[in-house]
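Below, each chain spelled out in residue letters.
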Amino acid sequence: YFAVPQGCTVDQSRLEEMRNRLEVRLKGSVRQAQQDAAKVVGISVVEGHKSIFGFESPHTLFLKVMVSLPHFIPRLKRIMEDGIDLEGIVKPDTMTGMAPQFSA
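Fair warning: this is a prediction, and the values are worked out from it, not measured in the lab. (Residues numbered from 1 in each chain as written. Predicted model: local features only at pLDDT ≥ 70, side-chain atom pairs only at ≥ 80, totals over all residues. Heavy atoms only, no water.)

Engineer: Tell me what's going on with the sheet that holds strand β3 (residues 40-47), and back it up with residues and numbers.
Structural biologist: Strand order in this open sheet of 3 strands is β1-β4-β3, and the pairing throughout is antiparallel. Edge strands, defined here as strands with exactly one partner in the open sheet, are β1 (2-3) and β3. Where β3 lies against strand β4 (residues 61-67), 7 bridges are found, and the strand directions are antiparallel. Paired with valine 40 across the bridge in β4 is valine 67. Helix α1 (residues 15-28) contacts β3 and β4 of the sheet and is inclined by roughly 130° relative to β3. Strand contacts of helix α2 (residues 73-82): β1 and β4, with the helix running at about 140° to β4, the strand carrying the most contacts. (Pairing = 2+ DSSP bridges. Helix = DSSP H or I, 4+ residues; strand = E, 2+ residues; numbered from the N terminus. Contact = heavy atoms within 4.5 Å. Axes fitted to C-alpha atoms, helices over the stretch in contact; angles between N-to-C directions.)

Engineer: Outline the side chain of glutamate 23, supporting the account with residue identities and numerical values.
Structural biologist: Residue position: glutamate 23 is located in helix α1. The class of glutamate 23 is buried, set by a relative accessible area of 10%. At 3.4 Å, the side chain of glutamate 23 forms a polar contact with the backbone nitrogen of valine 40. (Buried < 20%, exposed > 50% of the residue type's maximum accessible area, 1.4 Å probe, protein only. Polar contact = N/O pair within 3.5 Å; in protein donor to acceptor, adjacent residues only side chain to side chain.)

Engineer: Provide a residue-level description of α2, including the pertinent values.
Structural biologist: Those residues of α2 that sit buried are Leu76, Ile79 and Met80. Looking straight down α2, one finds that the buried residues subtend no more than 95° of arc, so they occupy a single side. Buried residues in α2 make contact with β1, α1 and β4. Two residues or fewer past α2, glycine 83 is found with a positive phi of approximately 105°. (Arc of directions from axis to C-beta.)

Engineer: Which residues make up the nonpolar core, and what values go with them?
Structural biologist: Counting residues in each nonpolar core, the largest one holds 24 residues, and the members touching the most others are Val10, Leu22, Leu63, Met80 and Leu86. Where this core is concerned, the elements lending two or more residues are α1, β3, β4 and α2. Beyond its immediate stretch of four places on either side in the chain, leucine 63 contacts Tyr1, Phe2, Val4, Val10, Ile43, Ser44, Val45, Met80, Leu86, Ile89 and Phe102. (Core = buried A, V, L, I, M, F, W, Y, C linked by side-chain atoms within 4.5 Å.)

Here's what the structure looks like:
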């Protein structure tokens, strides 16, 4: 799960475009032998996700990103935290020109 930056919304009709963009970035970060296996299986939008540990978070909108192999998760986390411009994330006017940074 990745928290969508506050103030941003998700255009759910563009989830497939977001999945393709993440897959391209993920494939670019793995070794040649793993590139065929690198797959972002799907993305869904989750609202009101709560931590099972009871932590409070100001975030209410999350992207659930499913990958084919568990060792792709740290790479995907790094890609998201470094900032990536996903076409379906609608940013407020105050964030123009900046790639949103997601938190895991």
